[in-house]
Every structure is written in C-alpha cells, then in structure tokens.
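Structure at a glance
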Amino acid sequence: MSASALLVTGASGQLGRRVLELLLDRKAGPLIATTRNPESLKEFAARGVEVRRADFDDEAGLVQAFRGAGRVLLISTDALDRPGRRIAQHRAAVRAAEAAGVKHVVYTSVPNPYPGSPVAVADDHRETEAALAASRLDFTILRNNLYLELQLQPLKSAIASGQLVDARGTGATAFVTREDCARAAAAALAEPATGRRTLDVTGPAAVTSDELAAITSELVGRKVVHVSVPPDALIQGMVEHGLPRPVAALLASFDAGTQKGDFSGVTDTVQRLTGRAPQSVRDFLASHRAALTGN
Ligand SMILES: NC(=O)c1ccc[n+]([C@@H]2O[C@H](COP(=O)([O-])OP(=O)(O)OC[C@H]3O[C@@H](n4cnc5c(N)ncnc54)[C@H](OP(=O)(O)O)[C@@H]3O)[C@@H](O)[C@H]2O)c1
C-alpha cells in the first residue's frame with residue numbers, strides 16, 4: 001500500500017460507508033477502511049478497499065492500522081457512554097496518525113465548540129481540534145452542522161401530534177444532510193490540499209423551528225405548530241417517552257446551542273468542496289414525504 005493511500009475510520013457507520021462509496025465512484029485511492037468489525041465491510045473489500053481492524057480504544061492497534069496512509073478521515077466516534085472516553089480515543093487517533101507517518105487528517109467536528117458551550121459534545125470536539133493543532137499534522141477540520149436526517153423522526157411525531165416540541169425558541173439551524181457531509185468529507189480527503197483549515201459544513205440556509213413546522217405542514221397537508229418549552233421540560237418529556245435521561249439531556253443541549261445561535265452560520269463549504277450546492281430543508285423533506293407520513 002503506497003503512502004498516498006486514503007484512509008477512512010469508523011467506516012462501517014453511516015457517514016463512513018457513504019464516503020467510501022463516493023471515493024470508489026471517483027476512483028480515488030488506493031483506499032483503506034478501518035472498523036472494529038471488518039466483516040461488516042465485506043462488500044467494500046470485494047471492491048478493492050483494504051479493510052483493517054482498528055479500535056479507537058487501542059492506540060497501538062491504531063498505529064498499525066494507519067500505516068501506509070497519506071491522508072486519514074478521522075470520523076468522530078459515538079462513544080458518549082463515559083465522560084472522557086471519546087476525547088481519549090480521539091487523542092489516541094491523532095498520536096497514532098503522527099506515529100504512522102500520516103500527512104493530513106480530515107476530522108468531523110461541530111460548529112462553534114467554544115469553552116462553556118451548552119452543547120454537550122462541544123468539549124470533545126474542541127479538545128480534538130486542539131490535539132490536531134498541537135500535532136505536526138496538516139488538517140482539514142469539517143465542522144458539520146446538524147444532520148437533517150435526524151429531524152425526520154421528530155417531524156414524524158410532530159405530524160402525528162400536530163406539535164413540533166423542542167427548546168430551540170427562535171434559534172435557527174443551518175441543517176445539512178449527512179449526504180452533503182459525506183460528499184464534503186470525500187472531497188476534502190481526496191483532494192491534495194495541504195496546510196491547515198477549519199471549515200463549517202452547512203446547508204444553504206438557517207431555518208427556525210417555526211419555519212420547519214410550516215414547511216412540514218405545507219408538504220404533508222397537515223397542521224403542525226412549533227411549541228418551544230424550557231430545556232428541563234423537554235428533557236422530562238423525552239424521559240417520559242422512554243429515553244434515558246443522559247440521552248435526553250444530550251439532545252436538549254443541542255437546542256440550548258441553537259437558542260444561542262451556535263448552529264445558525266451558513267457557509268458555501270459544500271459548494272466549494274463538491275461543486276454542488278447543499279440540499280435545502282424543503283427539498284430534503286419533500287423527497288422524504290413518505291417517511292414523514294408513513295405512506
Ligand atoms: N452532525 C450531526 O448531526 C451528527 C449526528 C450524530 C452523530 N454525529 C457524529 O458523526 C459521526 C459519524 O456519523 P454517523 O451518522 O456515521 O454515525 P454512526 O453511523 O453512528 O457511526 C459511528 C461510527 O463511530 C465509530 N466508532 C465508535 N466507537 C469506536 C471505536 N471504539 N473505535 C473505532 N470506531 C468507533 C464506528 O465505527 P466502527 O463501528 O466501524 O468501528 C461507527 O462507524 C458520529 O460518530 C458522531 O460523532 C454527528
């Protein structure tokens with residue numbers, strides 16, 4: 001495997017799989033995919049991707065897994081079960097990339113990860129960005145806005161009840177599709193850019209929950225109104241619907257960030273990296289009408 005290989009971590013996840021497909025489509029590579037579960041990527045191995053086992057909890061294994069890669073897409077893990085676990089994983093991955101001779105890391109972060117942010121995941125991302133800055137690596141930090149796909153389930157419930165309940169107030173979010181995040185990540189990995197840059201990856205406009213409810217109403221022909229409640233009431237409501245309290249608190253923390261405007265910035269990053277405009281909320285929801293209504 002040449003040192004020009006492109007490597008994708010967490011490749012069995014939804015973002016990682018899509019990035020691999022896009023890289024195969026553009027005949028980029030050679031390609032390496034790492035995962036805790038190589039069996040899950042059999043179809044990619046059959047298409048010429050070198051699949052390696054790697055666990056972010058095993059730093060020595062990460063060094064071995066990263067050998068021969070010139071550029072690495074470090075997809076943030078979903079290890080939010082214990083405080084401190086994910087940042088330890090990401091720091092290990094940054095050290096492993098340096099030790100393995102990687103030149104450039106593309107990292108999936110979050111918008112505005114400032115100290116004191118109400119967003120529960122902000123600290124992990126800020127610390128990972130700091131680890132990259134303190135390393136010898138070149139990097140592209142992709143601060144992905146909130147995935148639009150994750151609005152489908154709440155909107156489905158909102159259509160059923162007639163109320164979109166959240167704690168966002170009048171805050172707006174520049175929702176972006178996971179697909180556009182994957183396209184941006186594939187481009188940032190495959191292009192030969194050097195140096196260090198931090199880019200916000202957003203949809204084409206920032207949308208309030210009032211607007212989200214109105215677009216949904218119009219598309220499905222049923223009345224949906226937005227109701228903003230205090231964060232504690234939102235958390236309690238989610239717990240009563242069966243969500244574990246820590247998960248409910250994590251979700252509500254994004255609403256607190258939205259109220260502060262942390263997700264409202266709009267950029268042309270998707271257009272510039274991929275040559276194609278990001279999908280709008282209206283277009284995305286229109287193409288998922290069946291998922292929203294169950295018809
Ligand atoms: N912008 C947003 O709205 C948003 C929403 C949700 C999540 N995210 C972040 O974006 C990431 C990618 O999103 P997604 O939709 O692809 O999530 P996903 O489908 O849940 O995938 C999570 C990925 O994390 C990897 N991972 C977890 N623990 C790991 C470990 N110990 N070692 C190595 N890899 C580990 C998994 O890799 P393997 O199973 O292949 O090892 C998996 O591919 C998430 O992990 C999360 O950090 C962003």
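The paragraphs below set out a description of the structure included in this document.

About the thresholds
- Residues numbered from 1 in each chain as written.
- Predicted model: local features only at pLDDT ≥ 70, side-chain atom pairs only at ≥ 80, totals over all residues.
- Helix = DSSP H or I, 4+ residues; strand = E, 2+ residues; numbered from the N terminus.
- Rg over C-alpha atoms; globule rule 2.2 N^0.38 Å.
- Buried ≥ 20, exposed ≤ 12 C-beta atoms within 10 Å, placed from the backbone.
- Contact = placed C-beta atoms within 7 Å.
- Expected span 1.5 Å × (residues − 1).
- Core = buried A, V, L, I, M, F, W, Y, C linked by C-beta atoms within 7 Å.
- Pairing = 2+ DSSP bridges.
- Axes fitted to C-alpha atoms, helices over the stretch in contact; angles between N-to-C directions.
- Near = placed C-beta within 6 Å.
- Nonpolar A, V, L, I, M, F, W, Y, C, P; charged D, E, K, R; others polar.
- Parallel < 35°, antiparallel > 145°, perpendicular 65-115°, else oblique.
- Left-handed = near helix turned anticlockwise from the far one by under 90°.

Concerning the overall build of the chain
Broken down by element type, the chain carries 13 helices and 11 strands. For 295 residues, the compact-globule formula gives about 19 Å, and the C-alpha radius of gyration of the chain, at 19 Å, lands near that figure. Its C-alpha atoms give the chain principal-axis dimensions of roughly 55 × 35 × 35 Å. Across the 295 residues of the chain, 44% fall into the buried class. Considering only residue pairs separated by 6 or more positions, the chain has 78% of its internal contacts joining residues 24 or more positions apart.

Let's talk about unusual backbone geometry
In this chain, Gly29 is followed by Pro30 through a cis amide linkage whose omega measures 10°. With respect to the helices, strands and loops of the structure, Pro30 is situated in the loop between α1 (14-25) and β2 (31-35). A positive phi angle, close to 55°, is found at Lys27, a residue other than glycine. Within the secondary structure, Lys27 sits in the loop between α1 and β2. The backbone phi angle of Asn112 is positive, close to 50°, even though this residue is not glycine. Along the chain, the position of Asn112 falls in the loop between β5 (104-109) and α5 (122-134).

Quick notes on helix α7 (residues 178-190)
Helix length check: α7 (13 residues) gives 18 Å between terminal C-alpha atoms against 18 Å at 1.5 Å per residue, within 8%. Burial analysis of α7 places 11 of its 13 residues in the buried class, which makes it a mostly covered element.

With respect to the environment of Glu98
In this structure, Glu98 sits in helix α4 (residues 85-99). Taking the C-alpha atoms as reference, Glu98 lies 41 Å from Pro231; in sequence the two are 133 residues apart. If near-sequence neighbours (up to four positions away) are discounted, Glu98 is found in contact with Ser135, Arg136 and Leu137.

Digging into the nonpolar core
With 73 residues, the main nonpolar core has Val19, Ala33, Leu73 and Ala185 as its most contacted residues. Considering each element in turn, this core owes the most residues, 9 residues, to α7. Apart from the residues lying within four places of it in its own chain, the contact partners of Leu73 are Leu7, Val8, Thr9, Val19, Val106, Ala185 and Leu189. In terms of nonpolar packing, the next biggest core, distinct from the first, is built from 5 residues, Ala167, Leu234, Ala248 and Ala252 among them.

A closer look at α5
The end-to-end C-alpha distance of α5 is 18 Å, a good match for the 18 Å that 13 residues give at a rise of 1.5 Å each. Looking only at α5, the buried set comprises Ala122, Asp124, His125, Thr128, Glu129, Ala131 and Leu132. Buried residues along α5 sit against α4, β5 and β6 (138-144).

Describing the sheet that holds strand β4 (residues 69-74)
Within the open sheet, the 7 strands sit side by side as β3-β2-β1-β4-β5-β6-β9. Their pairing is parallel. Here the strands that pair on one side only, and so sit at the sheet edges, are β3 (50-53) and β9 (196-201). Direction aside, neighbouring strands of the sheet carry axes that sit 20° apart on average. Sheet contacts for α1: β1 (5-8), β2 and β4; angle to β1, the most-contacted strand, approximately 155°.

Comments concerning the pairing of β4
Of all the 6 residues making up β4, 5 are buried; the element is thus mostly covered by neighbouring parts of the structure. Across 4 bridges, the pairing between β1 and β4 is parallel. Within β4, the position partnered with Leu6 by the bridge is Arg71. Two strands pair when backbone bridges link them, and β4 and β5 are joined in this way by 4 bridges, in the parallel orientation.

A word on the site of the ligand
Around the ligand, a shell composed of 25 residues is seen, among which Gly10, Ser12, Gly13, Leu15 and Thr35 lie nearest. Looking at the shell around the ligand element by element, the count peaks at 3 residues for α1. Among the residues forming the shell around the ligand, the class breakdown is 8 nonpolar, 12 polar and 5 charged.

Description of the packing of α4 against α5
Taken N-terminus to C-terminus, the directions of α4 and α5 make an angle of 20°; their axes are 9 Å apart at the nearest point. Judged by the inter-axis angle, α4 sits roughly parallel to α5. Pair α4 / α5 crosses with right-handed handedness. In this structure, α4 uses Arg86, Ile87, His90, Arg91 and Val94 to contact α5, whose residues at the interface are Asp124, Glu127, Thr128, Ala131 and Leu132. Across the contact of α4 with α5, the residue classes tally to 4 nonpolar, 2 polar and 4 charged.

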